[in-house]
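# Remarks on the overall topology
Take a look at the letters that make up each chain.
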Amino acid sequence: MHDVVEKVLVSEEDIVKRSMELGKQISDDYRKTGKAPLLVALLKGSVPFLAELIKHIDLDIQFDFMDVSSYEGTESIGDIKIVKDLDCSVKGVPILLVEDIVDTGRTLKEVTRLLKNKGASDVKVVSLLDKPDRRVVDITADYVGFEIPNEFVVGFGLDYDQHYRNLPYIGVLKPEVYK
Ligand code: 5GP
């Protein structure tokens, strides 16, 4: 399968190392607040990153999942559809949203707004990847694994047409894969 990959942008070793650093930083920051966060991971892309990150968070945390999508056929500057909502109440709870990649920033902005409307006491964001050049709304993740250039990437949870999520690194596909 790996012969579909043109180049590796972030190796598995670097992802693990950076997740350790982020886990330590997150643990230190939330320890100071006296309250551990509920990690909310957005399906499906953030699952491998969540699994790696939580191993390095030294706090009594819990996690839950949400699945959202943009309304089909619209430009989707605003509304998102909740495909799967959280199982638990977030009233008064500090949330750490876990994302695979921040691209235009629309998803994060909407989900953050939604969680605050549900009564979360605080919403922070950790994202494995960030493509700052693509941003169209004003939002920044509080914790970022790697800034990457404006290229379509797959692996470590990220898909092309639901494929390649299980590649253990972040890579760019060969152009012929899209034909
Ligand atoms: P945003 O709302 O920030 O534009 O979109 C974020 C979502 O777009 C990500 O969660 C991801 O599903 C998708 N996305 C953005 N850039 C890429 C990319 O380079 N590769 C893949 N596979 N998905 C991407």
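Heads up: the structure comes first, above all this text.
The text that follows walks through the structure, step by step, so that each part is easy to find. (Residues numbered from 1 in each chain as written. Predicted model: local features only at pLDDT ≥ 70, side-chain atom pairs only at ≥ 80, totals over all residues. Heavy atoms only, no water.)

Taken as a whole, this structure holds four aromatic pairs when the rule is applied. Consider the rings of F63 and F65, whose centres lie 5.7 Å apart with planes at 75°: the pair is edge-to-face. A relative accessible area of 42% means that F63 is categorised as partly exposed. Its relative accessible area of 22% is what places F65 among the partly exposed residues. An angle of 80° between the planes, with centres 6.4 Å apart, marks the rings of F152 and Y160 as edge-to-face. Take F152: its relative accessible area is 44%, and that puts it in the partly exposed class. With a relative accessible area of 27%, Y160 lands in the partly exposed category. (Phe/Tyr/Trp six-rings, centres within 6.5 Å; stacked < 30°, edge-to-face > 60°. Buried < 20%, exposed > 50% of the residue type's maximum accessible area, 1.4 Å probe, protein only.)

Attention now goes to the packing of helix α1 (residues 12-33) against helix α2 (residues 47-54). The geometry of α1 relative to α2 is characterised by a closest axis approach of 8 Å and an angle of 60° between their N-to-C directions. Taken as axis vectors, α1 and α2 run oblique relative to one another. Here α1 runs over α2; the crossing is right-handed. Note on element contacts: α2 touches α1 through F49, E52 and L53, opposite V16, S19, L22, G23 and I26. Tallied by class, residues from the contact of α1 with α2 come to five nonpolar, two polar and one charged. (Axes fitted to C-alpha atoms, helices over the stretch in contact; angles between N-to-C directions. Helix = DSSP H or I, 4+ residues; strand = E, 2+ residues; numbered from the N terminus. Parallel < 35°, antiparallel > 145°, perpendicular 65-115°, else oblique. Left-handed = near helix turned anticlockwise from the far one by under 90°. Contact = heavy atoms within 4.5 Å. Nonpolar A, V, L, I, M, F, W, Y, C, P; charged D, E, K, R; others polar.)

With that settled, consider the site of the ligand. Looking at the ligand, there are 15 residues lining it, with T104, T107, K131, V153 and D159 nearest. Contact between the ligand and T104: an oxygen atom at 2.4 Å from a side-chain N or O atom of the residue. Within the contact set of the ligand, an oxygen atom lies 2.8 Å away from a backbone nitrogen or oxygen of G105. Contact with the protein chains removes 81% of the 510 Å² of surface that the ligand exposes when unbound. Listed by contribution, the elements that provide at least two residues to the shell around the ligand are β5 (94-102) and α3 (106-117). In terms of residue count, β5 provides more of the shell around the ligand than any other element does, four residues in total. Looking at side-chain class alone, the shell around the ligand contains five nonpolar, three polar and seven charged residues. (Near = heavy atom within 4 Å. Polar contact = N/O pair within 3.5 Å; in protein donor to acceptor, adjacent residues only side chain to side chain. Areas by Shrake-Rupley, 256 points an atom, 1.4 Å probe, with all protein chains shown as cover.)

Here the focus is the environment of D64. Residue placement: D64 occurs in strand β3 (residues 62-70). With relative accessibility at 5%, the residue D64 sits in the buried group. Distance in space between the C-alpha atoms of D64 and L38 is 7.4 Å, their sequence separation being 26 residues. Apart from residues no more than four positions distant in its own chain, D64 is found in contact with L38, L39, V40, A41, K84, L86, D87 and C88.

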